Each structure stands twice: as C-alpha cells, then as structure tokens.
Amino acid sequence: MSKEEVTAKIIGCAKDSFLHNGYHGTSLKTICKQAGMTTGALYHRFHGKDALYRAVVEPATKKLLETLNNCPTNAACSIMPEQGLILVYLYWDVFRIVVQCRCTSYYNEFYSAIEKSVYHRLSKLNNNYAEDICWLLSRAYLATFFEIIRCDYDFETAKKCIGALENFFAPQEIH
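Let me sum up the structure you'll find in this document. By convention here, each chain's residues receive numbers from 1 onward along its written sequence. With pLDDT at 70 or above as the cut-off, local features in this predicted model cover only qualifying residues; side-chain atom pairs require 80 or more to be listed or tallied, and sums for whole chains, interfaces and linings still use all residues. Side-chain figures throughout are based on the complete set of non-hydrogen atoms in the structure, without hydrogens or water.

Brief notes about the packing of helix α6 (residues 92-100) against helix α8 (residues 131-150)
So, step 1. At a minimum axis distance of 9 Å, the contact between α6 and α8 shows a crossing angle of 120°. On the basis of their axis angle, the class for α6 and α8 is oblique. Crossing of α6 against α8: the hand is left-handed. Note on element contacts: α8 touches α6 through Phe146, Ile148, Ile149 and Arg150, opposite Trp92, Phe95, Arg96 and Val99.
So, step 2. Per-class residue counts for the contact of α6 with α8 are six nonpolar, no polar and two charged. A fitted line through C-alpha atoms serves as each axis, taken over the contacting stretch for helices, and the angle formed by two N-to-C directions is quoted from 0 to 180°. In DSSP terms, a helix is any run of H or I states spanning at least four residues, a strand is any run of E spanning at least two, and both are numbered starting from the N terminus. Oblique is the label for any angle not under 35 degrees, not over 145, and not in the 65 to 115 range, which are roughly parallel, roughly antiparallel and roughly perpendicular in turn. A clockwise turn of the near helix away from the far one marks a right-handed crossing, whereas an anticlockwise turn of less than a right angle marks a left-handed crossing. Residue contacts are defined here by distance: any two heavy atoms, one from each residue, within 4.5 Å place the two residues in contact. For this classification, the nonpolar set comprises Ala, Val, Leu, Ile, Met, Phe, Trp, Tyr, Cys and Pro, the charged set comprises Asp, Glu, Lys and Arg, and every other residue, Gly included, is treated as polar.

If you want it as structure tokens, here you go:
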C-alpha cells in the first residue's frame, strides 16, 4: 500500500469513527485497529486526534467557505447560495461531523470564518441593518442552518428551509 493509500485509509476510518462516536468517543487506537495500521503509522502522518479531525473536515469546510466568499451576493445568490448547499450535501457526512463535534478548536475556527462570510453576505443584501443587528442575525442564521444538518434533512427539504431563511433574514424589497 502506498503512503497516500495508508493516509486515505486512516482518514476514512477516522471519518467513520467521528461520525458514529463523536469527537470524544473516537479513539486513535480503534482507528488504527480498523485501518489495520500501527499507532506509529498514524502518528507519522498526524500529530494527534485534533490533526486527524482537521484532515477529515477541513477540505470540505474550506470549499464551502470559498463558495461563500466567491459567489456574488444578489437575489439569486444570497446568504447561502445554492452551490453552497449542494456542496454541503456532497460532503454530508463531513458536515454532520462538524456540527456534532462542536467541542473542537477547528469548529471554533470554522464557525468564526463562516460567521464572517454570512455577516458580509447579509450586510450586502440589506444595508439597513446596524452592524450589531447584522452580527446577531448572522449567528441566528448559522444556528438555523446547522440545525438543518443536525436534523438530517433531505436536500429538497433543506432547500425549502434555506428559502424560508433567506426570506426571513434578508427579505427582498418588492418594487
């Protein structure tokens, strides 16, 4: 097995363990046993559970942040653009892990970054909101968005919920 295959196998077993056991219930020894690897092989690639967790979730979360930061803000592409929601569903298990494992330092980093993105998108859509109100609404939006993931909604239901969120948090003016 190549070095890349070994790393991918460890990450795959870690993903399954984080998804089913949470962060605290995940054991590096168990991951090694499931992957058929030694703990030395794991520690050669990852400095511990935090680094392994980051390797599991960071690629997908970075893609979501890039989508939010690069998509223009307008009526068709508002707070959570459809391509962002599609990305969440492409990496559904990863986002379930992120939402379930809120105790990690990476969750705090990710939450802070996505909160900034949502804030900027929301403030562009409705510049009538004061800054403190916009931050408050951004946090409320994220709590609701994460609840969609936590409750395991199917894509079509999530899409309807996002539409309702968009109308509630950033109503479009009727001309």
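So, the state of the cysteines
Here, disulfide denotes a covalent bond that connects the sulfur atoms of two cysteines.
So, step 1. What counts as a disulfide here is a pair of cysteine sulfur atoms lying within 2.5 Å. Under the definition given, this model contains zero disulfides.
So, step 2. With no disulfide of its own, Cys101 has Cys103 as its nearest cysteine by sulfur position, at a separation of 6.1 Å.
So, step 3. A relative accessible area of 1% places Cys101 in the buried class.
So, step 4. There is no disulfide at Cys161, and the cysteine sulfur nearest it, in Cys151, is 9.0 Å away.
So, step 5. Each residue's exposure class comes from its accessible area (1.4 Å probe, protein chains only) as a fraction of the maximum for that residue type: buried when under 20%, exposed when over 50%, partly exposed otherwise. Given a relative accessible area of 24%, Cys161 falls into the partly exposed group.

Comments concerning α6
So, step 1. Among the nine residues of α6, seven are classified as buried, and the element is accordingly described as predominantly covered.
So, step 2. Of the positions making up α6, those classed as buried are Trp92, Val94, Phe95, Arg96, Ile97, Val98 and Val99.
So, step 3. Where α6 is buried, its residues meet α1 (3-21), α4 (49-70), α5 (82-90), α7 (105-125) and α8.

Quick look at helix α2 (residues 28-35)
So, step 1. Taken together, the buried positions of α2 are occupied by Leu28, Ile31, Cys32 and Ala35. Projected onto a plane normal to the axis of α2, the buried residues spread over an arc of 100° and lie on a single side. Residues of α2 that are exposed and point over 90 degrees away from its buried face: Lys29 and Lys33.
So, step 2. Residues of α2 that are buried sit in contact with α1, α3 (39-45) and α4. Relevant arc is that of directions from the helix axis to the C-beta atoms, nothing else.

Describing the side chain of Lys49
So, step 1. If you trace the backbone, Lys49 turns up in helix α4.
So, step 2. No salt bridge is formed by the buried Lys49, whose closest oppositely charged neighbour, Asp50, lies at an N-O distance of 7.4 Å.
So, step 3. If we ignore the near neighbours within four places in the chain, the residues touching Lys49 are Phe18, Tyr23, His24, Thr26 and Leu28. Charge counting treats Lys and Arg as positive and Asp and Glu as negative, with His and both chain ends excluded. The rule for a salt bridge is simple: a side-chain nitrogen of Lys or Arg has to be within 4 Å of a carboxyl oxygen of Asp or Glu.

Quick word on the packing of aromatic side chains
So, step 1. Note on aromatic pairs: the rings of Phe, Tyr and Trp (six-membered ring only in Trp) are paired at centre separations within 6.5 Å, and the planes decide the class, stacked below 30 degrees, edge-to-face beyond 60, tilted for the rest. Considering all chains together, one arrives at 14 aromatic pairs under this definition.
So, step 2. With centroids separated by 5.9 Å and ring planes inclined at 5°, the aromatic side chains of Phe18 and Tyr23 adopt a geometry described as stacked.
So, step 3. Among the residues examined, Tyr23 registers a relative accessible area of 12% and is labelled buried.
So, step 4. With a centroid separation of 6.1 Å and 70° between ring planes, the pair formed by Tyr111 and Phe146 is classed as edge-to-face. Placement of Tyr111 in helix α7 and of Phe146 in helix α8 is noted, with a sequence separation of 35 residues between them.

Description of the pattern of salt bridges
Opposite charge on two side chains permits them to pair, given that their charged atoms come into close proximity.
So, step 1. Taken as a whole and judged by the stated rule, the model has seven salt bridges.
So, step 2. Measuring nitrogen to oxygen at the nearest pair gives 3.9 Å for the salt bridge that ties Glu58 to Lys62. Placement of the pair is Glu58 and Lys62 together in helix α4, with a separation of four residues, close to one helical turn.
So, step 3. Connected via shared salt-bridge partners are Arg54, Glu58, Lys62 and Glu109.

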